[in-house]
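# Topology and contacts: notes
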Amino acid sequence: MATQKLIPALADVTQDIAGPLPLELLYGWAGGPRDPATAARLLAPYRVAGAVVATDSSGLTEMAEERDALEVMALISRPKEVLAGLGRAAGGRPIGVWVADNTEMIFPEPVDAAGLVDMLLEAQVRIAAAGPVRVGMCAHRGAFFELGGGLSGAAAATVEYLAEEHAGPGEILVTPELGLAAGGHVLRERPELRAHHPGGVCAVTSARRRPDLVAAAGGYPIPFPRAFYERLQRADHERGEEERIRLEAEYLRPLAVLFVARERAPGGDGEDALLDELLANVLLDGLVRQAPLGGGAIYRSTGGWAMLGFPEPAEAVAAAAALRERGRARGVTLRAGIDYGPVLVYDGSEGFRGLDGGPVNCASKLCEDAGRPGAIQVAARAVAHLGPQPPGEPFEVVVSRVRLAGRRL
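Overview of the structure. (Residues numbered from 1 in each chain as written. Predicted model: local features only at pLDDT ≥ 70, side-chain atom pairs only at ≥ 80, totals over all residues. Heavy atoms only, no water.)

### Some remarks on the side chain of arginine 190
- Tracing the backbone shows arginine 190 in the loop between strand E9 (186-189) and strand E10 (202-206).
- When sequence neighbours within four positions are dropped, the list of residues in contact with arginine 190 reads His166, Glu171, Leu173, Val201, Cys202 and Ala203. (Helix = DSSP H or I, 4+ residues; strand = E, 2+ residues; numbered from the N terminus. Contact = heavy atoms within 4.5 Å.)

### Observations regarding the pattern of salt bridges
- A full pass over the atoms with the stated rule returns 24 salt bridges.
- Overlapping salt bridges, with partners in common, bring together Arg231, Glu242, Glu243, Arg246 and Glu250 in one network. (Salt bridge = Lys/Arg side-chain N within 4 Å of Asp/Glu carboxyl O.)

### Describing empty space enclosed by the protein
- On inspection of all chains with the given rule, the structure shows four cavities of 30 Å³ or more.
- In terms of lining, the largest cavity is formed by Val53, Thr55, Leu83, Gly87, Thr103, Met105, Phe107, Met119 and Leu120.
- Secondary-structure elements contributing two or more residues to the lining of the largest cavity are strand E3 (47-58), helix H5 (69-89), strand E5 (102-108) and helix H6 (113-130).
- When residues of the lining of the largest cavity are assigned to their parent elements, the largest contribution, three residues, is made by E5.
- Grouping the constituent residues of the lining of the largest cavity by class yields six nonpolar, three polar and no charged. (1 Å grid on protein atoms, 1.4 Å probe; cavity = no way out; pocket = protein on both sides within 12 Å on 5 of 7 lines; lining within 4 Å. Points joined across faces, edges and corners; volume = space filled by probe spheres on them. Nonpolar A, V, L, I, M, F, W, Y, C, P; charged D, E, K, R; others polar.)

### Thoughts on the environment of glycine 294
- As for its position among the elements, glycine 294 is in the loop between helix H10 (271-290) and strand E12 (297-302).
- By relative accessible area, glycine 294 is classed as exposed at 76%.
- Sequence spacing of glycine 294 and alanine 319 is 25 residues, and the spatial spacing of their C-alpha atoms is 8.2 Å. (Buried < 20%, exposed > 50% of the residue type's maximum accessible area, 1.4 Å probe, protein only.)

### Considerations on the state of the cysteines
- For the coordinates displayed, the defined rule picks out zero disulfides.
- Between cysteine 202, a cysteine without a disulfide, and cysteine 138, which holds the nearest cysteine sulfur, the sulfur-to-sulfur distance is 11 Å.
- Cysteine cysteine 362 remains unbridged, with the sulfur of cysteine 367 as its closest cysteine sulfur at 11 Å.
- A relative accessible area of 5% places cysteine 362 in the buried class. (Disulfide = S-S within 2.5 Å.)

### A closer look at H6
- Here H6 spans 26 Å end to end across 18 residues, near enough to the 26 Å set by a 1.5 Å rise per residue.
- Those residues of H6 that fall on the buried side of the exposure criterion are Ala113, Ala114, Gly115, Leu116, Val117, Asp118, Met119, Leu120, Glu122, Ala123, Gln124 and Ile127.
- Summarising the contacts, the buried residues of H6 are in contact with E3, H5, E5, strand E6 (134-147), strand E8 (172-174) and E10. (Expected span 1.5 Å × (residues − 1).)

### Side note on the pairing of strand E16 (residues 376-379)
- The alternating pattern of E16 places Ile376 and Val378 and Gln377 and Ala379 on opposite faces, both of which are buried.
- Two strands pair when backbone bridges link them, and E16 and strand E18 (residues 402-408) are joined in this way by three bridges, in the antiparallel orientation. In the strand pairing of E18, valine 378 is matched with arginine 407. (Pairing = 2+ DSSP bridges.)

### Things to note about H5
- Taking 1.5 Å of rise per residue, the 21 residues of H5 would be expected to cover 30 Å, and the 31 Å separating its terminal C-alpha atoms lies within 8% of that figure.
- H5 sits mainly inside the fold: 16 of its 21 residues count as buried.
- Once H5 ends, the next one or two residues include glycine 91, with phi positive near 95 degrees.

### As for the packing of helix H2 (residues 23-31) against H10
- Contact geometry for H2 and H10: axes closest at 10 Å, N-to-C directions at 105 degrees. If you check the angle between H2 and H10, you find them roughly perpendicular. On the side of H2, the interface is formed by Leu25, Leu26, Trp29 and Ala30, while H10 contributes Asp272, Leu275, Asp276, Leu278, Leu279 and Val282.
- Classifying every residue of the contact of H2 with H10 gives eight nonpolar, no polar and two charged. (Axes fitted to C-alpha atoms, helices over the stretch in contact; angles between N-to-C directions. Parallel < 35°, antiparallel > 145°, perpendicular 65-115°, else oblique.)

### Brief notes about unusual backbone geometry
- Across the junction of glutamate 109 and proline 110, the peptide omega takes the value 0 degrees, indicating a cis bond.
- By the secondary structure assignment, proline 110 is in the loop between E5 and H6.
- Non-glycine residue alanine 100 carries a positive phi angle of around 55 degrees.
- Looking at where alanine 100 falls in the secondary structure, it is placed in the loop between strand E4 (93-94) and E5.
- Exposure remark for alanine 100: the relative accessible area of 28% places this residue in the partly exposed category.

### Regarding the packing of H5 against H6
- In contact at an axis separation of 9 Å, H5 and H6 are set at 150 degrees when each is read in the N-to-C sense. Taken as axis vectors, H5 and H6 run roughly antiparallel relative to one another. Both H5 and H6 take part in a crossing whose hand is right-handed. Facing Arg78, Pro79, Val82, Leu83, Leu86 and Gly87 of H5, the residues of H6 in contact are Met119, Glu122, Ala123, Arg126, Ile127 and Ala130. (Left-handed = near helix turned anticlockwise from the far one by under 90°.)

Quick look at the structure:
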């Protein structure tokens with residue numbers, strides 16, 4: 001990795017979903033000896049130990065295709081309220097800003113593993129009673145690095161991956177590292193997951209409910225301005241359709257959404273590999289921020305990916321192609337996904353600009369889940385607004401039980 005390309009971009013870098021990375025950490029790694037001992041020393045102040053619970057809603061892609069953006073936003077807010085309230089009551093604290101349908105909480109040492117799993121079962125029961133959204137969960141114990149308000153490192157990657165890719169609707173996955181005692185809990189091993197976590201992963205099939213557990217106050221770390229969130233709650237409850245119509249008139253508009261992500265080179269899971277990964281993300285952040293975007297805007301640039309918005313799909317395609325070429329010139333391979341349609345646009349709670357809606361979810365899937373190295377995948381409804389058929393080839397994929405089709409450029 002060429003260090004001289006990274007240093008000028010450090011001032012703009014952000015990590016995860018909450019805030020800036022410690023620049024002294026990045027400068028220390030980019031400008032000093034790049035060995036495991038140095039990595040351990042630099043990361044030591046950011047090390048936290050405990051159990052982390054990550055969650056991911058099931059069927060969001062399908063839901064986003066069938067319901068309007070405000071309704072989906074309100075529906076996925078309900079499980080987050082339950083998780084934050086019960087998690088805080090059990091000694092946890094939320095990590096980052098809970099954007100979209102993912103959540104993450106850390107429960108610092110010492111961890112009552114049995115009590116934690118009982119709380120998660122109670123959360124699943126209450127989430128099921130709150131609405132149609134179902135959530136998959138994973139709990140994993142280890143050492144994490146809290147950087148920029150988010151969690152990084154091999155343990156963080158493990159729990160996030162298992163929750164997002166393998167925890168089914170209403171399922172609770174636990175790793176052996178959690179140290180869950182057998183008494184009162186029934187576990188079923190998921191042997192196919194040994195390929196992803198050699199120690200094994202189990203699904204909790206029986207635990208003790210905690211109907212007596214009182215949710216703590218404070219809510220979840222919202223990605224919206226407080227006033228917008230309060231109106232969203234009214235739209236979900238007492239005022240319903242009337243408030244949704246007003247919110248849509250104020251915040252809903254057609255937009256071409258571009259997701260672009262950096263291809264990650266195979267690497268180890270050590271602390272030196274983590275710092276190399278952070279520096280590589282700086283390079284993508286610099287590429288995006290320095291690119292000519294015309295009438296477009298950057299809505300998020302973080303953790304190796306970026307989300308941008310444009311008035312028209314043709315502008316998004318042109319920007320994606322320009323970013324792809326700029327990346328190639330710097331030895332960075334990118335993948336991109338584009339969709340077009342009505343999205344909610346608002347100012348975020350942590351300084352970023354927020355986008356929500358079906359096109360956001362679709363563009364993300366086309367980039368991150370179904371993307372190909374070096375390819376720009378444009379959803380059919382965006383292609384329909386491009387005029388003459390662009391070069392490339394048609395594609396069709398199924399992601400989260402939803403068929404996504406369009407053109408690969």
